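Notes for the structure review
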Amino acid sequence: MSPLPDGSDPSLFLTTTSPSQHRRVHTSQAPSWGPGFTTQEYVDREAHFLTIPLARNGGLTPWILTDDSKEEPIYSSCESIAKRGLYRDPSTGAVKDVLSHGIAGVFTFAECRKHGYGSRMMRDLGDMFAKRQEEQPGAAQFSTLYSDIGPNFYGKDGWHAIGNTHLEFNVTSKDFGPAANVKDVTDDMLPELVTLDEKLVRAEVAKPNGDRPRVALLPDMDTY
């Protein structure tokens, strides 16, 4: 490979992956993210994930930061997955059904780190979503990115940390005894539960929130 360009180099651009590039990404990720698998098992698992309801038919989009050189380098990679969402417009109070995009799998190849590629890729991805939303309102109303490396890395690239709520219940062995008002949740119950969850989420999003918008992801069957 030629000397690595800086992350601000104008020759770099964001694009979707070809099948061979997708395999290259997961082959490189395997040692870090799939220590319990062989490389082939990890690659096969990621390929299978493209076939599940939420991901197939364009639901999941693999992205890479590359350039137009003959070597077709992959400097950094990530994935976005489209999900149904809700948006409450603070100016009108109207609640709209929209698309949101969850971002995951942000990865920079080991030999490409410390050049600003991850930040460049995320900025380009944010700009791409903003342009999509401008051209087709509701098509990229908001995005979510779950991170375990703290708020600063993605904060500087446009994703704002909003914190999280974690609930923990202390359970003892006596809590597992039979009870008349407790029953197992089975697959056939999911459609009814999804309908109830969506109703509750819609009601929550519709509540006034001052001059701030309110957004939520819808818990539909594909997400479950």
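Placed above this text is the structure.
Attention here is on the structure that accompanies the text.

Calculation notes
- Residues numbered from 1 in each chain as written.
- Predicted model: local features only at pLDDT ≥ 70, side-chain atom pairs only at ≥ 80, totals over all residues.
- Heavy atoms only, no water.
- Helix = DSSP H or I, 4+ residues; strand = E, 2+ residues; numbered from the N terminus.
- Buried < 20%, exposed > 50% of the residue type's maximum accessible area, 1.4 Å probe, protein only.
- Areas by Shrake-Rupley, 256 points an atom, 1.4 Å probe, with all protein chains shown as cover.
- Lys, Arg positive; Asp, Glu negative; His and termini not counted.
- Charge placed at Lys NZ, Arg CZ, Asp CG, Glu CD.
- 1 Å grid on protein atoms, 1.4 Å probe; cavity = no way out; pocket = protein on both sides within 12 Å on 5 of 7 lines; lining within 4 Å.
- Points joined across faces, edges and corners; volume = space filled by probe spheres on them.
- Nonpolar A, V, L, I, M, F, W, Y, C, P; charged D, E, K, R; others polar.
- Phe/Tyr/Trp six-rings, centres within 6.5 Å; stacked < 30°, edge-to-face > 60°.
- Lys NZ or Arg CZ within 6 Å of the ring centre and 35° of its normal.
- Contact = heavy atoms within 4.5 Å.
- Salt bridge = Lys/Arg side-chain N within 4 Å of Asp/Glu carboxyl O.
- Core = buried A, V, L, I, M, F, W, Y, C linked by side-chain atoms within 4.5 Å.

A few points about the overall build of the protein chain
Along the backbone of the protein chain there are five helices and six strands. Of the regular secondary structure in the protein chain, the N- to C-terminal order runs β-α-α-β-β-β-α-β-α-α-β. Seen through its C-alpha atoms, the protein chain measures out along the principal axes to roughly 70 × 50 × 35 Å. Put simply, the protein chain has 224 residues, and 35% of those count as buried. In the structure as shown, the protein chain presents an accessible area of about 14500 Å², 54% of it carried by carbon and sulfur atoms. Considering the protein chain, the positive charge centre built from 23 side chains and the negative charge centre built from 31 side chains are found 4 Å apart.

Digging into empty space enclosed by the protein
Counting across every chain of the model gives one cavity of 30 Å³ or more. If you add up the space inside the largest cavity, you get close to 50 Å³. As for the largest cavity, its lining consists of Thr17, His22, Val25, His26, Gln29, Pro62, Trp63, Ile64, Ser77, Cys78, Glu79 and Gly105. Where the lining of the largest cavity is concerned, the elements lending two or more residues are helix H1 (19-33), strand E2 (60-66) and strand E3 (76-88). Top element by residues in the lining of the largest cavity is H1. It accounts for four residues. A class-by-class count of the residues in the lining of the largest cavity yields five nonpolar, six polar and one charged.

Regarding unusual backbone geometry
Despite not being glycine, Glu72 shows a phi value in the positive range, around 45°. In this structure Glu72 comes out as partly exposed when scored by relative accessible area, which is 46%. Located in the positive-phi region is Lys114, a residue other than glycine, with phi close to 70°. Looking at the secondary structure, you find Lys114 in the loop between strand E4 (95-108) and helix H3 (117-135). On the basis of relative accessible area, Lys114 is assigned to the exposed category, the value being 84%.

Section: the packing of aromatic side chains
On inspection of all chains with the given rule, the structure shows three aromatic pairs. Taking the centre distance of 5.2 Å and the plane angle of 75° together, the rings of Trp33 and Phe107 count as edge-to-face. Taken as a pair, Trp33 in helix H1 and Phe107 in strand E4 lie far apart in primary sequence, 74 residues in all. Geometrically, the ring pair formed by Phe107 and Phe109 is edge-to-face, given 6.0 Å between the ring centres and 65° between the ring planes. Of the two residues, Phe107 and Phe109, both sit in the buried class. A cation over an aromatic ring shows up here: Arg113 above the ring of Phe107, its NZ or CZ 5.5 Å from the ring centre.

Focus: the environment of Leu4
Turning to its location among the elements, Leu4 is positioned in the segment before strand E1 (13-16). Leu4 sits 111 residues away from His115 along the chain, and the two C-alpha atoms are 8.1 Å apart. What Leu4 contacts, discounting residues up to four positions off in sequence, is Tyr75, Glu111, Cys112, His115 and Tyr117.

Describing the pattern of salt bridges
For the coordinates displayed, the defined rule picks out nine salt bridges. Residue Glu46 is joined to Arg45 by a salt bridge in which the shortest nitrogen-to-oxygen separation is 2.9 Å. In this structure Glu46 comes out as buried when scored by relative accessible area, which is 10%. Classification of Arg45 as partly exposed rests on a relative accessible area of 28%. The salt bridge involving Asp157 is made with Arg123; its shortest N-O contact spans 3.3 Å. Of the two residues, Asp157 is situated in the loop between helix H4 (152-155) and helix H5 (190-205) and Arg123 in helix H3; the sequence distance between them amounts to 34 residues. Salt bridges sharing common partners tie together Arg84, Asp97, Glu198, Arg202 and Asp220.

As for the nonpolar core
In terms of nonpolar packing, the biggest core is built from 24 residues, with Ile103, Val106, Met121, Met122 and Leu125 touching the most fellow members. Considering every element that reaches this core, the biggest residue donor is H3, with six residues. Setting aside chain neighbours within four positions, we find Val106 in contact with Trp33, Ser77, Cys78, Met121, Met122 and Tyr154.

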